[in-house]
Amino acid sequence: MKNKKLIILILALIVLIGGTGKTISYMQEQKRIKIEQEKQAKIEAEKRKYMIGCSNDAKQFSYDAKEIGKRLDSYKYSNDGKKMVFLTFDDGTSTTVTPQVLKTLKENDVHATFFVTGSNIEKGGEKAKDLLKQELAEGHAIANHSYSHDYKTLYPNRTLDFNAFKADFDKNDKLLKDILGKYFSTRVIRCPGGHMSWKGMDTLDTYLEKNNMVSIDWNSLNQDAEGPKKVASQLSDIAIKESKDKDIVVLLMHDTYGKEETAKALPQIIKYFKDNGYEFKTLR
Ligand SMILES: [Zn+2]
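It should be emphasised that the depicted structure is a prediction, and the values quoted were computed from it without experimental measurement.

Draft legend 1. Fine view of the overall build of the protein. Within the protein, the secondary structure is distributed over ten helices and ten strands. With respect to the three principal axes, the spread of C-alpha positions in the protein is 110 × 45 × 40 Å. Sorting the 284 residues of the protein into buried and exposed places 45% on the buried side. A fraction of 80% describes how many contacts in the protein between residues 6 or more apart in sequence connect residues 24 or more apart. When the accessible area of the protein is evaluated, it comes to approximately 15400 Å², of which 55% is carbon and sulfur surface. Of the charged side chains in the protein, 47 are positive and 40 negative, and the gap between their average positions amounts to 9 Å.

Draft legend 2. Focus on the coordination of the zinc ion. Within the first shell, the zinc ion binds the protein through Asp91 (OD), His145 (NE2) and His149 (NE2), at distances of 2.1 to 2.2 Å. Residue class for Asp91 comes out buried when judged on its relative accessible area of 12%. Given a relative accessible area of 23%, His149 falls into the partly exposed group.

Draft legend 3. Expanded view of the nonpolar core. By size, the foremost hydrophobic cluster in this structure holds 39 residues, and its most contacted members are Leu87, Phe89, Leu105 and Phe273. At the level of elements, β2 (84-90), α3 (98-107), β3 (112-116), α5 (125-137), α7 (162-180), α9 (232-243), β8 (248-254) and α10 (260-275) are the ones that each hand at least two residues to this core. Per element, the largest residue contribution to this core is seven residues, and it comes from α10. If sequence neighbours within four positions are ignored, Leu105 has contacts with Leu87, Phe89, Val110, Ala112, Phe114, His140, Leu266 and Ile270.

Draft legend 4. Layout of the packing of α7 against helix α8 (residues 202-210). Interaxial distance between α7 and α8 falls to 10 Å at its minimum, and their mutual angle equals 45 degrees. As summarised for this structure, α7 and α8 are arranged oblique, according to the angle between their axes. Where α7 crosses over α8, the two elements pack in a sense that is right-handed. Taking contact as the criterion, the partners of Phe162, Phe165 and Lys166 in α7 are, on α8, Thr203, Leu204 and Tyr207. For the contact of α7 with α8, the per-class residue count stands at four nonpolar, one polar and one charged.

Draft legend 5. Representation of the domain arrangement of the protein. Its domain assignment divides the protein into domain 1 (1-48) and domain 2 (50-283). Between domain 1 and domain 2, the C-alpha centre-to-centre distance is 57 Å.

Draft legend 6. Broad picture of the packing of aromatic side chains. All told, the structure shown has twelve aromatic pairs when counted by the stated rule. With a centroid separation of 6.4 Å and an interplanar angle of 70 degrees, the aromatic rings of Tyr75 and Tyr77 are classed as edge-to-face. Tyr75 sits in the exposed class, given a relative accessible area of 64%. On the basis of relative accessible area, Tyr77 is assigned to the buried category, the value being 18%. Look at Tyr155 and Trp198: their rings are 3.9 Å apart centre to centre, the planes differ by 10 degrees, and that puts the pair in the stacked class. Highlighted residues: Tyr155 in the loop between α6 (151-154) and α7 and Trp198 in the loop between β5 (188-189) and α8, separated in sequence by 43 residues. Judged by relative accessible area, Tyr155 falls into the buried class, the value being 3%. Taking relative accessible area as the criterion, Trp198 reaches 11% and is therefore assigned buried. Seen from the ring of Tyr147, Lys171 lies directly overhead, with NZ or CZ sitting 4.0 Å from the centre.

Draft legend 7. Representation of the pairing of β2. Of all seven residues in β2, seven are buried; the element is thus mostly enclosed. Neither face of β2 is open: one carries Met84, Phe86, Thr88 and Asp90, the other Val85, Leu87 and Phe89, and all of them are buried. Bridge count between β2 and β8: seven bridges; the pairing is parallel. Counted as the bridge partner of Phe89 is Met253 from β8.

Draft legend 8. Region of interest: the UniProt feature "domain: NodB homology" (unreviewed entry) in the protein. Listed under "domain: NodB homology" (unreviewed entry) in the UniProt record, and renumbered for this structure, are residues 83-281. Taken end to end, residues 83-281 is 45% helix and 16% strand, and its two terminal C-alpha atoms sit 10 Å from one another.

The rules we used
Residues numbered from 1 in each chain as written. Predicted model: local features only at pLDDT ≥ 70, side-chain atom pairs only at ≥ 80, totals over all residues. Heavy atoms only, no water. Helix = DSSP H or I, 4+ residues; strand = E, 2+ residues; numbered from the N terminus. Buried < 20%, exposed > 50% of the residue type's maximum accessible area, 1.4 Å probe, protein only. Contact = heavy atoms within 4.5 Å. Areas by Shrake-Rupley, 256 points an atom, 1.4 Å probe, with all protein chains shown as cover. Lys, Arg positive; Asp, Glu negative; His and termini not counted. Charge placed at Lys NZ, Arg CZ, Asp CG, Glu CD. Donors = N, O, S within 2.8 Å, 3.2 Å for Na, K, Ca; no water. Core = buried A, V, L, I, M, F, W, Y, C linked by side-chain atoms within 4.5 Å. Axes fitted to C-alpha atoms, helices over the stretch in contact; angles between N-to-C directions. Parallel < 35°, antiparallel > 145°, perpendicular 65-115°, else oblique. Left-handed = near helix turned anticlockwise from the far one by under 90°. Nonpolar A, V, L, I, M, F, W, Y, C, P; charged D, E, K, R; others polar. Domains from an automatic or database assignment. Phe/Tyr/Trp six-rings, centres within 6.5 Å; stacked < 30°, edge-to-face > 60°. Lys NZ or Arg CZ within 6 Å of the ring centre and 35° of its normal. Pairing = 2+ DSSP bridges. UniProt positions renumbered as here; feature names shortened; annotations may be inferred.

Here's what the structure looks like:
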């Protein structure tokens with residue numbers, strides 16, 4: 001009889017301890033799931049910070065680059081009087097011109113797209129890298145304009161070498177991720193020299209289409225990279241003349257070394273578009 005009581009007691013203890021064990025492991029499991037969920041939420045928040053090409057906070061300033069690409073391809077620049085200008089700066093960042101450009105954009109509360117070139121960013125060291133971060137933080141869009149910008153590598157005999165081109169753009173993309181964070185991505189590219197200038201671009205077009213990417217040229221420019229060197233007033237006059245009678249304007253300028261006059265011309269250029277009712281947008 002005494003033994004029976006003892007056995008029951010032992011059995012009860014086993015059930016109790018087993019139950020407690022289960023409760024502990026259940027709680028541990030819940031805790032593990034919670035930590036995992038928090039980790040995932042953090043990653044998602046980090047990803048959301050960077051939508052394609054610009055920070056998520058700057059989404060309101062951005063516009064579908066694919067639509068603009070189609071318009072450029074078909075020379076459709078009218079938009080029922082609804083005017084939009086895309087200020088674009090190529091070949092940066094530079095430690096000499098980019099700071100002035102950023103200052104003017106901020107003072108005027110407008111946003112631009114920077115088609116950056118990795119070799120120039122690396123040339124400018126930490127300062128250039130900080131400027132790239134500043135561009136993103138201040139609501140501008142960042143697009144890929146190759147690492148080397150070397151025509152001979154990208155287009156030997158004026159004809160696209162797709163593998164070399166892709167490797168060069170991938171190298172730049174990796175650099176952008178190294179500087180801006182691994183979740184940064186852009187689907188917008190600009191071919192050095194312009195897509196319009198080279199032969200054998202079909203392979204690239206197929207690749208871009210398949211990967212939901214877009215190559216953007218321009219339909220207006222200030223000619224800061226063509227012909228004789230110009231002063232600020234000449235650059236703004238040309239940009240304004242080139243943009244006349246276009247509802248949709250994609251304006252090519254440069255913020256690389258030696259383009260100080262472009263930075264000086266920028267206030268006048270922005271004024272023209274503001275006075276004429278243009279909305280300033282970035283490409284994403
Ligand atoms: Zn360029």
